[in-house]
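# Notes for the structure review
So the chains spell out like this:
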Amino acid sequence: MPEPKHRIRALHTATTVTIYQAYAPEIGLPAARDGRFPAAWKRDRMTWIKPSFLWMMYRCGWARKEGQETVLAIEITREGFEWALENSCLSHYEHGLHPDRATWKRELKRSPARVQWDPERDLHLRPLPFRSLQLGLAGEVAARYADEWIVSVKDVTALAHTIHAHVREGELEQARKLLPAESAYPSGDTLLTHLAG
């Protein structure tokens, strides 16, 4: 069966979903140590969470990009994750999904969360023909994410470096075995209808 163009793939349990973010060590290390973001974490900025480990690797360059040297696996409640999806709007106008640009702009202004669908990546970080979710949280929803939804925070920088080393050596099977076990997230019939054209 070919992959659908829009599908959330994530490491998840009955009650949680794991997302990834990359930060400078002064944010990432205390977050992993304390299980919550430090005071220096800016609540007033939009924060983007990503359920795809390999898309995060593409974004942070295997934890080598400046300001993204610490990769966090953050387990959050499914309840919070789904609330954000239900209250989100696509970050761009999509003909056929939105009645018109004006309606989309009103939705965008009203929505506390944004969704982008970006090409999923393979182990070489090349784009694949299906999309991966990015979820942007701002204002009240960013505060709820930081204060209410986080179950655990784990530093997975060493894992990123190990997988990358295997890829560089051409040891793709070893690299693949270390990847988080992401599978289709159960989105039912309605969770993504306003987000996927």
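Residues numbered from 1 in each chain as written. Predicted model: local features only at pLDDT ≥ 70, side-chain atom pairs only at ≥ 80, totals over all residues. Heavy atoms only, no water.

Moving on, we get to the pattern of salt bridges. Counting across every chain of the model gives nine salt bridges. A salt bridge links R144 to E140; the nearest nitrogen and oxygen atoms lie 3.1 Å apart. You can see R144 and its partner E140 sitting in helix α5 (residues 139-149), four residues apart, about one turn around the helix. Note that E173 is salt-bridged to R176, the shortest N-O span being 3.3 Å. Of the two residues, E173 and R176 both sit in helix α7 (residues 172-178), three residues apart, roughly one turn of that helix. Members of the salt-bridge network, linked through shared partners, are E3, R7 and R9. (Salt bridge = Lys/Arg side-chain N within 4 Å of Asp/Glu carboxyl O. Helix = DSSP H or I, 4+ residues; strand = E, 2+ residues; numbered from the N terminus.)

Take Q21: it is sitting in strand β2 (residues 16-23). For Q21, a relative accessible area of 2% puts it in the buried group. Side chain to side chain, Q21 and Y145 meet in a polar contact 2.6 Å long. Discounting residues that sit within four places of it in the chain, Q21 has contacts with F37, T47, W48, I49, M56, T70, V71, L72, I74 and Y145. (Buried < 20%, exposed > 50% of the residue type's maximum accessible area, 1.4 Å probe, protein only. Polar contact = N/O pair within 3.5 Å; in protein donor to acceptor, adjacent residues only side chain to side chain. Contact = heavy atoms within 4.5 Å.)

With that settled, the discussion passes to the packing of aromatic side chains. Overall, the coordinates contain eight aromatic pairs when judged by the stated rule. Their ring planes at 70° and their centres at 5.6 Å tell us that W55 and Y58 sit as a pair that is edge-to-face. One end of the pair is W55 and the other is Y58, both in helix α2 (residues 53-60) and three residues apart, which spans about a single turn. A residue is classified by how much of its surface remains accessible, and W55, at 6% relative accessible area, is buried. In this structure, R121 packs its charged tip against the face of Y58, placed 3.6 Å from the ring centre. Directly above the aromatic system of W83 lies the positively charged group of R144, at a separation of 4.2 Å from the ring centroid. (Phe/Tyr/Trp six-rings, centres within 6.5 Å; stacked < 30°, edge-to-face > 60°. Lys NZ or Arg CZ within 6 Å of the ring centre and 35° of its normal.)

Let's shift gears to the sheet that holds strand β8 (residues 150-155). Ordered by their spatial adjacency, three strands build an open sheet running β2-β4-β8, and the pairing between neighbours is antiparallel. Two strands bound the open sheet, and with one partner strand each, they are β2 and β8. Shown here is a sheet whose adjacent strand axes are inclined to one another by a mean of 25°, direction ignored. Across five bridges, the pairing between strand β4 (residues 70-77) and β8 is antiparallel. Counterpart to E75 in the pairing with β8 is S152. Against the sheet, helix α1 (residues 25-34) engages β2, β4 and β8, with an angle of about 45° to β4. Running over the sheet, helix α3 (residues 78-86) touches β2 and β4 and is turned about 95° from β4. (Pairing = 2+ DSSP bridges. Axes fitted to C-alpha atoms, helices over the stretch in contact; angles between N-to-C directions.)

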